[in-house]
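Secondary and tertiary structure notes
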Amino acid sequence: DLSGDPASPVALSDSLPHAWDIAVKGDHAFVADNSRAISVYDISDRKTWRRIGECPLPAAGENIIVRDDLAYVAGCQAGLQILNIRDPSKPVRVGESRLPKQDIDAIGLSGNVAYLYDHADGTLRLVDVTDPANTKHLSLFEFGRPFIQGEMDLCRGYAYCVAGELGVVVVD
């Protein structure tokens, strides 16, 4: 527990599952491992994780955000995938946002808007996810060129997008 003694961190385990990204909610870890599924683990024992569920995806999952009973997954060529995780042992795909020729690497959420960053296409798409089963494309920002990296973060209404050799591009 890092809050107990932040000056002396200790690894509890180094044999946890392969992972590309992770989101933790309570005693459950939702793991995107760049395969065609999201795996769910019971992590109540921090040393020994137990796999309790999985949700197949149409493409590899690279980035995951959990909010309330939903998980939002950057699904590469499958765009944004939205999962209902109310029962962590049985996650179910309930929505998506897909467009041709996209490769979503990173996502951000602000209110009911998902920000989908596609570094290969050099775009940032904004999608209304108020109703996960009926997502709506709101807008598209084009950087004008592709990048070799695809990470982003949101803060105070700005999207900070890693743009390889251009550094960081801030979008308002």
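A quick note: this is a predicted structure, and the numbers were derived from the prediction, not measured.

**Let's talk about the sheet that holds strand E13 (residues 152-155)**
Strand order in the open sheet formed by three strands is E13-E14-E15, with antiparallel pairing between adjacent strands. Two strands in the sheet have a free side with no partner beyond their single neighbour: E13 and strand E15 (168-171). Here the average twist between neighbouring strands, direction ignored, is 20 degrees. Pairing between E13 and strand E14 (residues 158-162): four bridges, direction antiparallel. The partner of Cys-155 across the bridge, within E14, is Tyr-158.

**Description of the packing of aromatic side chains**
Scanning the model with the defined rule gives four aromatic pairs in all. Their ring planes at 85 degrees and their centres at 5.0 Å tell us that Phe-141 and Phe-143 sit as a pair that is edge-to-face. Grouping aromatic residues by their ring pairs yields a cluster made of Tyr-117, Phe-141 and Phe-143.

**Here's the deal with a nonpolar patch on the surface**
A cluster of nonpolar side chains, namely Tyr-158, Tyr-160, Val-168 and Val-170, defines an oily patch on the protein surface of about 350 Å² accessible area. Contributing elements (two or more residues each) for the nonpolar patch: E14 and E15.

**As for the side chain of Ser-97**
Note that Ser-97 resides in strand E8 (residues 92-97). Its relative accessible area of 1% is what places Ser-97 among the buried residues. Within polar-contact distance, the side chain of Ser-97 engages the side chain of His-137 at 3.3 Å. When neighbours within four sequence positions are excluded, Ser-97 is seen to be in contact with Ala-78, Gly-79, Leu-80, Gln-102, Leu-116, Val-127, Thr-135 and His-137.

**Remarks on the environment of Asp-27**
One can find Asp-27 in the loop between strand E1 (21-25) and strand E2 (28-32). Each C-alpha atom of the pair Asp-27 and Asp-103 lies 31 Å from the other, and the pair is 76 residues apart in sequence.

**Thoughts on the pattern of salt bridges**
Tallied over the entire structure, the rule returns eight salt bridges. Measuring nitrogen to oxygen at the nearest pair gives 2.1 Å for the salt bridge that ties Glu-54 to Arg-51. By relative accessible area, Glu-54 is classed as partly exposed at 40%. Ionic contacts of the salt-bridge type, sharing partners, join the residues Lys-25, Asp-69 and Arg-86 into one network.

Procedures and definitions
Residues numbered from 1 in each chain as written. Predicted model: local features only at pLDDT ≥ 70, side-chain atom pairs only at ≥ 80, totals over all residues. Heavy atoms only, no water. Pairing = 2+ DSSP bridges. Helix = DSSP H or I, 4+ residues; strand = E, 2+ residues; numbered from the N terminus. Axes fitted to C-alpha atoms, helices over the stretch in contact; angles between N-to-C directions. Phe/Tyr/Trp six-rings, centres within 6.5 Å; stacked < 30°, edge-to-face > 60°. Patch = residues over 30% accessible without salt bridge, like charges linked within 9 Å, V, L, I, M, F, W, Y side chains within 5 Å. Areas by Shrake-Rupley, 256 points an atom, 1.4 Å probe, with all protein chains shown as cover. Salt bridge = Lys/Arg side-chain N within 4 Å of Asp/Glu carboxyl O. Buried < 20%, exposed > 50% of the residue type's maximum accessible area, 1.4 Å probe, protein only. Polar contact = N/O pair within 3.5 Å; in protein donor to acceptor, adjacent residues only side chain to side chain. Contact = heavy atoms within 4.5 Å.

In short, geometric facts, not functional conclusions.
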